[in-house]
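Read off the chains here:
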Amino acid sequence: MLGLNADSTKKLKNEYESELFKKNKPSTFLDAEGSMFAGFILGVTELGHLKVLLEDEIIKVYNLKEITLLY
């Protein structure tokens, strides 16, 4: 069985985040209600949710398929 310790988990998360498309770049998103908004992809949480910095300096966390990146 493969076990991950804290150091290897952190390394894996850092490697994953380094490959995120448009990370730390201004981006436009579409939410589930059809509203467009702007933000910056910051990374992911320990549970794999996407962290986005919104225009009003609030960090919001989104689950899979809750938002769509427009490009």
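Preceding this section is the structure that the text describes.
The present account deals with the structure reproduced in this document. Since the model is a prediction, treat every value here as computed from it, not as a measurement.

Thresholds, definitions, all that
Residues numbered from 1 in each chain as written. Predicted model: local features only at pLDDT ≥ 70, side-chain atom pairs only at ≥ 80, totals over all residues. Heavy atoms only, no water. Pairing = 2+ DSSP bridges. Helix = DSSP H or I, 4+ residues; strand = E, 2+ residues; numbered from the N terminus. Axes fitted to C-alpha atoms, helices over the stretch in contact; angles between N-to-C directions. Salt bridge = Lys/Arg side-chain N within 4 Å of Asp/Glu carboxyl O. Buried < 20%, exposed > 50% of the residue type's maximum accessible area, 1.4 Å probe, protein only. Phe/Tyr/Trp six-rings, centres within 6.5 Å; stacked < 30°, edge-to-face > 60°.

Let us now look at the sheet that holds strand β2 (residues 36-44). As summarised here, the arrangement of the five strands in space is β4-β3-β2-β1-β5, forming an open sheet in which the pairing is antiparallel. The sheet is open, and its two edges are formed by β4 (59-62) and β5 (67-70), each paired on a single side. Averaged over all adjacent pairs, the angle separating strand axes in this sheet is 50°, with direction ignored. Direction of pairing for β2 relative to strand β3 (residues 50-54): antiparallel, over a ladder of five bridges. Among the inter-strand pairings, Val44 is bridged to a residue of β3, identified as Leu50.

A separate point is the pattern of salt bridges. In total, this model carries two salt bridges according to the counting rule given. The shortest N-O distance in the salt bridge between Glu17 and Lys13 comes to 3.0 Å. Of the two residues, Glu17 and Lys13 both sit in helix α1 (residues 6-18), four residues apart, roughly one turn of that helix. Both residues of the pair, Glu17 and Lys13, belong to the buried class.

Right, let's talk about the environment of Gly43 for a bit. Relative to the helices and strands, Gly43 is located in strand β2. On the basis of relative accessible area, Gly43 is assigned to the buried category, the value being 0%. Residues Gly43 and Asn14 lie 29 residues apart in sequence; the distance between their C-alpha atoms is 8.9 Å.

Right, let's talk about the packing of aromatic side chains for a bit. Tallying each qualifying case throughout the model produces three aromatic pairs. Ring centres of Phe29 and Phe37 lie 5.3 Å apart, and the angle between their planes is 20°; this geometry places the pair in the stacked category. Summarising the burial analysis for this pair, Phe29 and Phe37 share the class buried. The class for Phe37 is buried, based on a relative accessible area of 17%. Put simply, the rings of Phe29, Phe37 and Tyr62 pair up and form one aromatic cluster.

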